[in-house]
Amino acid sequence: MITKILSAEFIKGIIGTDDILTNGIPQIAFIGRSNVGKSSVINSLLQRRNLAKSSSTPGKTQQINFFLILLERTVLSSSGKDGPFQKVYFVDLPGYGFAKLSKEKKEKLRKMILWYFTESESNSKKVILIVDAKVGPSAFDIEMSDFLKSLDLDVIIVANKSDKLNQSQRAKNLKSISRLLTQDNVILYSAKTKEGRDELLEKVLN
Ligand code: GDP
């Protein structure tokens, strides 16, 4: 199946319950530590320069941002009922683990993320957990990965900034990220060089 992105637009940012969570459009959630390149990954996937705002002040995005993506698929789904056009939301969750935020702010963001996954009744289909390919998973990333696993969500790990790795680090880091997060589904990705874009797009949208 080949998927083409026809359009992508920011719809709204939410901080609590909202009709958008349950309107039936599937949600693909993006999550990661502040400054890991989450905005850059979203922008590179959608081939937009600045749709998801990559803020120069990490930790600034303190709401859950919804982007509506309109897709065209060249092959009809087997049931045929969906038709060639489909809508999904990319859901940009606040970055976590930003050291400079106050303790209260950090706790508030953590609670918002947990709420989205456990209590909001959101129609979350997949989760893209972004980690740093060079630094490897932080304690926060491991905690998040374990949490998502416990919810039985379909998780894809994106090891971003792969352009910073040399040849020998690539296989080594991929293996250790997979082991530390106990997740098999790890993609080496670079928002800068676009390595992994086709693979991730395929996994995210199909
Ligand atoms: P966010 O806070 O997670 O949304 O991160 P941003 O998208 O704002 O990126 C944080 C920093 O990492 C910026 O300086 C980006 O230019 C840089 N960055 C993001 N992706 C990559 C990548 O794939 N490779 C490299 N070398 N730098 C990246």
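What counts as what
Residues numbered from 1 in each chain as written. Predicted model: local features only at pLDDT ≥ 70, side-chain atom pairs only at ≥ 80, totals over all residues. Heavy atoms only, no water. Helix = DSSP H or I, 4+ residues; strand = E, 2+ residues; numbered from the N terminus. Polar contact = N/O pair within 3.5 Å; in protein donor to acceptor, adjacent residues only side chain to side chain. Contact = heavy atoms within 4.5 Å. Pairing = 2+ DSSP bridges. Axes fitted to C-alpha atoms, helices over the stretch in contact; angles between N-to-C directions. Expected span 1.5 Å × (residues − 1). Buried < 20%, exposed > 50% of the residue type's maximum accessible area, 1.4 Å probe, protein only. Arc of directions from axis to C-beta.

**Remarks on the side chain of aspartate 92**
Alright, step 1. Its location among the elements puts aspartate 92 in strand β4 (residues 85-92).
Alright, step 2. For aspartate 92, the side chain forms a polar contact with the side chain of lysine 38, separated by 2.5 Å.
Alright, step 3. With residues near it in sequence (within four places) discarded, aspartate 92 still touches Phe30, Lys38, Ile42, Ala52, Gln63, Ile64, Asn65 and Phe67.

**Considering the sheet that holds strand β2 (residues 27-32)**
Alright, step 1. Taken in spatial order, the seven strands line up as β1-β3-β4-β2-β5-β6-β7 in an open sheet, and their pairing is mixed. Strands at the two margins of the open sheet, each flanked by one partner only, are β1 (3-14) and β7 (186-188). In this sheet, neighbouring strand axes are inclined to one another by 25° on average, regardless of whether the strands run parallel or antiparallel.
Alright, step 2. Contacting β1, β2, β3 (64-73), β4 and β5 (124-132), helix α2 (residues 103-118) runs over the sheet at an angle of about 155° to β2.

**What to know about helix α3 (residues 139-150)**
Alright, step 1. In this model α3 runs 17 Å from its N-terminal to its C-terminal C-alpha over twelve residues, within 8% of the 16 Å that 1.5 Å per residue would give.
Alright, step 2. The complete set of buried residues in α3 reads Asp141, Met144, Ser145, Phe147 and Leu148. Burial along α3 is one-sided: seen end-on, the buried residues are contained in an arc of 165°. In α3, the exposed positions angled more than 90 degrees off the buried face are occupied by Ala139 and Ser150.
Alright, step 3. Taken together, the buried residues of α3 touch β2, α2, β5, β6 (154-160) and α4 (167-181).
Alright, step 4. Taken from the residues just after α3, aspartate 152 is the one with a positive phi, measuring 65°.

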